[in-house]
Amino acid sequence: MESSALLFALLLSFTVVAPAQPRAYTFPDVTVETQTGQSVHFYRDLVKGRMVVMNFVFTNCTTVCPTMGLTFARLQSLLGKREVALVSVSIDPSNDTPARLAAWSKKLGAKPGWTLVTGNKTDISTLLKSLGLFSANPTTHAPVVLIGDDAHGRWERIDGLAPAGNIIAAIDRISAKER
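Residues numbered from 1 in each chain as written. Predicted model: local features only at pLDDT ≥ 70, side-chain atom pairs only at ≥ 80, totals over all residues. Heavy atoms only, no water.

Chemist: How do you make sense of the confidence of the model for the protein chain when you look at a structure like this?
Modeler: Reading fine detail from the predicted coordinates is not recommended where pLDDT is low. Across the protein chain, the average pLDDT comes to 87, with 85% of residues at 70 or higher. Throughout residues 3-22 the model reports pLDDT below 50, and contacts reaching past four residues in sequence, or to other chains, amount to 19 contacts. (pLDDT = per-residue confidence, 0-100. Contact = heavy atoms within 4.5 Å.)

Chemist: Whenever I open this one, the packing of aromatic side chains confuses me. Can you help?
Modeler: Given two aromatic rings, their pairing is described by the distance between the two centres and the angle made by the two planes. Evaluation of the coordinates by the stated rule reveals four aromatic pairs. Ring geometry for F27 against F42: centres 6.2 Å apart, planes inclined by 35 degrees, an arrangement best described as tilted. Here F27 is found in the loop between α1 (3-12) and β1 (31-34), whereas its partner F42 is found in helix α2 (residues 42-47), with 15 residues between them in sequence. Given a relative accessible area of 8%, F27 falls into the buried group. With a centroid separation of 5.0 Å and an interplanar angle of 50 degrees, the aromatic rings of F27 and W155 are classed as tilted. Residue F27 is located in the loop between α1 and β1, and its partner W155 is located in strand β7 (residues 154-159); the two are separated by 128 residues in the primary sequence. Of the two residues, F27 and W155, both sit in the buried class. Ring pairs connect the aromatic residues F27, F42, Y43 and W155, which therefore count as one cluster. In this arrangement the basic side chain of K129 is found over the ring face of F134, its NZ or CZ atom lying 4.8 Å from the centre. (Phe/Tyr/Trp six-rings, centres within 6.5 Å; stacked < 30°, edge-to-face > 60°. Helix = DSSP H or I, 4+ residues; strand = E, 2+ residues; numbered from the N terminus. Buried < 20%, exposed > 50% of the residue type's maximum accessible area, 1.4 Å probe, protein only. Lys NZ or Arg CZ within 6 Å of the ring centre and 35° of its normal.)

Shown next, in the form of structure tokens:
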């Protein structure tokens, strides 16, 4: 990692992010391809009934996406016994093939439980629009993390540059509402 990227990541670790207001989301059940080349339905296979943390990235990004990827890698090590699926959605499906997503995730140290997806441009655009995250130009996308308990319909949208500890706190806060 370049020293400027490392400094940026360190500065982000001191960021305090207030939880966003809860919001209901409707996920289209579009077909997507995982980093292993498997075709799956986005909602039915990756989200339905699960605790999920999602981010929205692209492999050619040189600004926020590598940081968000490193945060997800760190998040995996902090999850412990929590049953949480991590999903990274490519916002540049024209360039992000399953092979590119696999290489990117390997570079970040992704483990099982973190699924990266791409798909045809129309389906990915439909998905992003349904979440209020569509950007015609991937380089201008907003860094966002969606954290949700689909089984209970509880979702929070937080800053995509939030440290992994803030994401864990949101997971625990959403999970505590079940009890």
